[in-house]
Amino acid sequence: MKLSNEELKKYYFGAYRFEETEEGYLQAFQYTQAQQDYFEGFSEMYFDRCTASTAKTLEFVTEATEISFDYKVIWKGSADTFEVLVDGFVIDIRYIKAIMDTGRMTFELPEGKKNVTVYLPADATVLIKDFEINASAKAPVKNEKVLWLGDSITQGYGPLRSSQTYVSVANRILNYDILNQGIGGYVYDKNCLMTMEGYKPDKIIVAMGTNQYHDDCMKDIGEYYDILTDIYGANIPILTITPIWRGDQLNDISILEKFCDDLKNLCGRYPNIQVVDGFKLVPHFMEYYLDGLHPNEFGCEVYGRNLVEKIRELNF
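Residues numbered from 1 in each chain as written. Predicted model: local features only at pLDDT ≥ 70, side-chain atom pairs only at ≥ 80, totals over all residues. Heavy atoms only, no water.

Topic: the overall build of the protein
And step 1. Of regular secondary structure, the protein possesses eight helices and 17 strands.
And step 2. Relative to the 2.2 N^0.38 estimate, which gives 20 Å for 316 residues, the radius of gyration of the protein is 19 Å and therefore close to what a compact globule would have.
And step 3. For the protein, the C-alpha atoms occupy an extent of roughly 55 × 40 × 35 Å along the three principal directions.
And step 4. A burial count over the protein gives 56% of its 316 residues as buried. (Helix = DSSP H or I, 4+ residues; strand = E, 2+ residues; numbered from the N terminus. Rg over C-alpha atoms; globule rule 2.2 N^0.38 Å. Buried < 20%, exposed > 50% of the residue type's maximum accessible area, 1.4 Å probe, protein only.)

A word on the packing of helix α5 (residues 166-174) against helix α8 (residues 297-314)
When two helices pack together, their arrangement is given by the angle between the helix axes and by the axis-to-axis distance.
And step 1. Direction vectors running N to C along α5 and α8 enclose 45°, while the axes themselves pass 7 Å from each other. In this view, α5 runs oblique relative to α8, as classed from their interaxial angle. Crossing hand, α5 versus α8: right-handed. Of the residues in α8, those in contact with Tyr166, Val169, Ala170, Ile173 and Leu174 of α5 are Cys300, Glu301, Tyr303, Gly304, Arg305, Leu307, Val308, Ile311 and Arg312.
And step 2. Of the residues belonging to the contact of α5 with α8, the class tally is 10 nonpolar, one polar and three charged. (Axes fitted to C-alpha atoms, helices over the stretch in contact; angles between N-to-C directions. Parallel < 35°, antiparallel > 145°, perpendicular 65-115°, else oblique. Left-handed = near helix turned anticlockwise from the far one by under 90°. Contact = heavy atoms within 4.5 Å. Nonpolar A, V, L, I, M, F, W, Y, C, P; charged D, E, K, R; others polar.)

Observations regarding the packing of aromatic side chains
And step 1. Using the criterion set out here, one finds 22 aromatic pairs in the structure.
And step 2. Their ring planes at 75° and their centres at 5.2 Å tell us that Tyr31 and Phe39 sit as a pair that is edge-to-face.
And step 3. Where Tyr188 meets Tyr224, the ring centres are 5.0 Å apart and the plane angle is 85°; that geometry is what we call edge-to-face. Of this pair, Tyr188 sits in the loop between β14 (177-182) and β15 (203-207) while Tyr224 sits in helix α6 (residues 218-232), placing them 36 residues apart in sequence. Side by side, Tyr188 and Tyr224 carry an identical accessibility label, which is buried.
And step 4. Members of the aromatic cluster, joined through ring pairs, are Tyr11, Phe60, Phe69, Tyr71, Phe82, Phe107 and Phe131.
And step 5. Positioned above the aromatic ring of Tyr95 is the side chain of Lys97, whose terminal nitrogen or guanidinium carbon lies 5.6 Å from the ring centre. (Phe/Tyr/Trp six-rings, centres within 6.5 Å; stacked < 30°, edge-to-face > 60°. Lys NZ or Arg CZ within 6 Å of the ring centre and 35° of its normal.)

Remarks on the pairing of strand β3 (residues 17-20)
And step 1. With four bridges connecting them, β3 and strand β4 (residues 26-29) associate as antiparallel partners. Bridge pairing in β4 links Phe18 to Ala28.
And step 2. Between the antiparallel neighbours β3 and β4 lie five residues, among them Gly24 with a positive phi of about 90°. (Pairing = 2+ DSSP bridges.)

Quick word on the sheet that holds strand β13 (residues 145-150)
And step 1. What the five strands build is an open sheet, ordered β14-β13-β15-β16-β17; its pairing is parallel. Since the sheet does not close on itself, it has two edges, and those belong to β14 and β17 (273-276), each with one partner. Across this sheet, the average inter-strand angle for adjacent strands is 20°, counted without regard to direction.
And step 2. Bridge count for β13 against β14 is six bridges, and the pairing is parallel. The partner of Gly150 across the bridge, within β14, is Gly182.

With respect to the state of the cysteines
And step 1. Under the criterion given, the structure shown has zero disulfides.
And step 2. Unpaired in this structure, Cys260 has its nearest cysteine sulfur neighbour in Cys267, at a distance of 11 Å.
And step 3. With a relative accessible area of 0%, Cys267 lands in the buried category. (Disulfide = S-S within 2.5 Å.)

Regarding unusual backbone geometry
And step 1. Positive phi values are uncommon outside glycine, yet Asn175 reaches one of about 60°.
And step 2. Tracing the sequence through the fold places Asn175 in the loop between α5 and β14.
And step 3. Here Asn315, not a glycine, exhibits a phi torsion of approximately 55°, which is positive.
And step 4. Residue position: Asn315 is located in the segment after α8.

Okay, here's the thing in structure tokens:
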């Protein structure tokens, strides 16, 4: 059974809007056009990453034994992956570096009814068309709608595995319906916060600051949270994750710690904001990091699971 692009949209999670190319490919976006226009005028790097396939998945409840689709990679940030999980268990991994930029992918699935999740690359931009599945399917039921804001760690750089970003690890447990607006290199920038017509999250998670902890930026961060609550309402639950430990900046660790304390104090002024201490999420050993800054596969697994525990403790 071939799905039209319109039919495929109901199984496509992590997207705010879609466009279809002249070649018939479906492209999903996590930002509004106005937000993308802002990034394009501000920085080529930010624009490339704001259009990436970050945290986007195709998800089905089905008895199918095969799925396939045409794909096209139009931008690559790192050697990321396509991955297929069945009932949360990885059954196939395709590395960007090992495939052509354009082609067709086919995945064999085990017999029986199951939940199938196709993770698209977190740090590359992928288009899809001509999706086929050899049995009927329905979309899974999700929990709360969550807007996730952050930098490269939230976007998913570090594990070089799309299913192993800390957001993916946490979300497999929490089953949120997420929109991940993480961008590599990003900071608390109030100018990127804009009304997203038709979109109203139940909760917001913010994980930023590691790219700006040397700066005197608390005023800017306060304005960021002011605008965020103006857009989504003063009562919307917000979870702030302070920056995690950095092994590449050990000489500056006291500066980073002070920034985290200042951020906690600032967030304490807002009754709708709860704070998670990022230093308690990933162990302070280089074995958990790709480069001292970005957690690797092991670090992201620990990060995601520890974050889930904190979210449950806070009843967020």
